Amino acid sequence: MRLRTSFKAGTRRKLLHAAISLIREKGYSSTSVDELCTQAGVTKGAFFHHFDSKDALGVAAADHWSEVTGAFFDNALYHRHSDPLERVLGYLDLRKAILEGDIAEFTCLVGTMVQEIYNTNPNIREACEASISAHAGKIAADIAAAMKRYRIRGSWSAESLALHTQAVLQGAFILAKAKGGPEIAAASIDHLRRYIELLFQPVTPEKTEAP
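Draft legend 1. View of the overall build of the chain. Secondary structure assignment for the chain yields 10 helices and 0 strands. Counted from the first residue to the last, the chain has its helices and strands arranged as α-α-α-α-α-α-α-α-α-α. Its C-alpha atoms give the chain principal-axis dimensions of roughly 85 × 35 × 30 Å. Within the span of the chain, comprising 211 residues, buried residues form 44% of the whole. In the chain, the proportion of contacts linking residues at least 24 apart, taken out of those at least 6 apart, comes to 66%. Taken as a whole, the chain presents about 12000 Å² of accessible surface, with 52% of it coming from carbon and sulfur.

Quick look at the structure:
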């Protein structure tokens, strides 16, 4: 999804949106403070007035990403479905629908950052993990409601399936980068949708022949 920054936005917000844009396009390590300032249209002095370091901006960007994308998904139309399974499938349909524009415009900021810094920057890693887990938690609530409605019992949990959706999506973004386009990501979401539909199909016991 694309974030828009108005000319009236404050310096901090401009820097956060610049970070989201540049890091999704270039990666965290390849994005410099100078580039962030240029993208945001602010001075380096203004940058260090709001953030002690680039790493501090990275943590703040992950938190801001959670806030903005959380609002986007919270207000999505799929929440209108009364059936929780339809809400889960509607979420996946939306994820597929927003695979448009340049790759950097639909990939995930926190997924991009954590792949780079998971072993070198624990503060950013923790912020990224919190973002992904919080998003998965909202999906898990609908999955749990669907399991109850459809009387699904198994060795898996709503939480594990919700995290699996995020694993598939993040992997789909990596494949899109490798392939240079969104088609493989869309196909991955289609496979995930079919898998979830199969999980919630009623189980019919096998018939046994009378002796």
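The rest of the description comes next.
Draft legend 2. Looking closely at unusual backbone geometry. Even without being a glycine, Arg151 presents a positive backbone phi close to 55°. Within the secondary structure layout, Arg151 lies in the loop between helix 8 (122-149) and helix 9 (158-179). According to the relative accessible area criterion, Arg151 is exposed, its value standing at 73%.

Draft legend 3. Quick peek at the environment of Leu36. Tracing the backbone shows Leu36 in helix 2 (residues 33-40). Taking the C-alpha atoms as reference points, Leu36 and His79, separated by 43 residues in sequence, lie 36 Å from one another. Beyond its immediate stretch of four places on either side in the chain, Leu36 contacts Leu15, Ala18, Ala19, Leu22, Thr31, Phe47 and Leu57.

Draft legend 4. Quick peek at the packing of aromatic side chains. The full count for this structure, using the stated rule, is 8 aromatic pairs. Taken together, a centroid distance of 6.3 Å and an interplanar angle of 50° make the contact between Phe106 and Phe173 tilted. Taken together, the residues Phe106 in helix 6 (residues 103-106) and Phe173 in helix 9 connect sequence positions 67 residues apart. For the ring pair Trp156 and Phe200, a centre distance of 6.1 Å and an interplane angle of 75° mean the geometry is edge-to-face. You can see Trp156 sitting in the loop between helix 8 and helix 9 and its partner Phe200 sitting in the segment after helix 10 (183-199), a full 44 residues away along the chain. On the basis of relative accessibility, which here comes to 22%, the residue Trp156 falls in the partly exposed class. Taking the relative accessible area as the measure of exposure, Phe200 reaches 5% and is therefore buried. An aromatic cluster is built from Phe72, Phe73, Tyr78 and Tyr91, whose rings are joined through pairwise contacts.

Draft legend 5. The arrangement of the layout of surface pockets in detail. Space inside the second largest pocket adds up to approximately 260 Å³. Looking at the second largest pocket, it is lined by 20 residues, and the ones nearest its centre are Trp65, Thr69, Phe73, Arg95 and His135. Contributing elements (two or more residues each) for the lining of the second largest pocket: helix 4 (54-74), helix 8 and helix 9.

Draft legend 6. Summary view of the pattern of salt bridges. According to the stated counting rule, one finds 8 salt bridges in the structure shown. With its nearest N and O atoms 3.1 Å apart, the salt bridge here joins Lys138 to Asp74. Here Lys138 is found in helix 8, whereas its partner Asp74 is found in helix 4, with 64 residues between them in sequence. Residue classification places Asp74 among the partly exposed positions, given a relative accessible area of 41%. Of the charged contacts in the structure, one is a salt bridge between Glu197 and Arg193, with a shortest N-O distance of 2.8 Å. Of this pair, Glu197 and Arg193 are both found in helix 10, 4 residues apart, which corresponds to roughly one turn of the helix. Overlapping salt bridges, with partners in common, bring together Asp93, Arg193 and Glu197 in one network.

Definitions and limits used
Along each chain, residue indices are assigned from 1 in the same order as the chain's sequence is written. Whole-chain, interface and lining totals are the exception, using all residues; otherwise, since this is a predicted model, local features are given only for residues with pLDDT of at least 70 and side-chain atom pairs are given and counted only at 80 or more. Each side-chain value is worked out from all heavy atoms of the structure, with water and hydrogens disregarded. In this text, helices come from DSSP runs of H or I with a minimum length of four residues, and strands from runs of E with a minimum of two, each type numbered from the N-terminal end. Categorising residues by exposure relies on relative accessible area from a 1.4 Å probe, with only protein chains included: less than 20% of the type maximum marks a residue as buried, more than 50% marks it as exposed, and the intermediate range marks it as partly exposed. Any pair of residues with heavy atoms lying within 4.5 Å of one another is described as a contacting pair. The accessible surface values rely on the Shrake-Rupley method and a 1.4 Å probe; as for residues, cover is taken only from the protein chains in view. Geometry of aromatic contacts follows a simple scheme: Phe, Tyr and Trp rings, the Trp one being its six-membered ring, pair when their centres are within 6.5 Å, and the pair is stacked under 30 degrees between planes, edge-to-face over 60, tilted otherwise. Cavities and pockets are found on a 1 Å grid laid over the protein atoms alone: a cavity is a set of points where a 1.4 Å probe fits but cannot escape, a pocket is an open set with protein on both sides within 12 Å along at least five of seven lines, and a lining residue has an atom within 4 Å of such a point. Grid points are joined across faces, edges and corners, and a volume is the space filled by probe spheres set on the points. Salt bridges are defined by distance alone: a side-chain nitrogen of Lys or Arg within 4 Å of a carboxyl oxygen of Asp or Glu.

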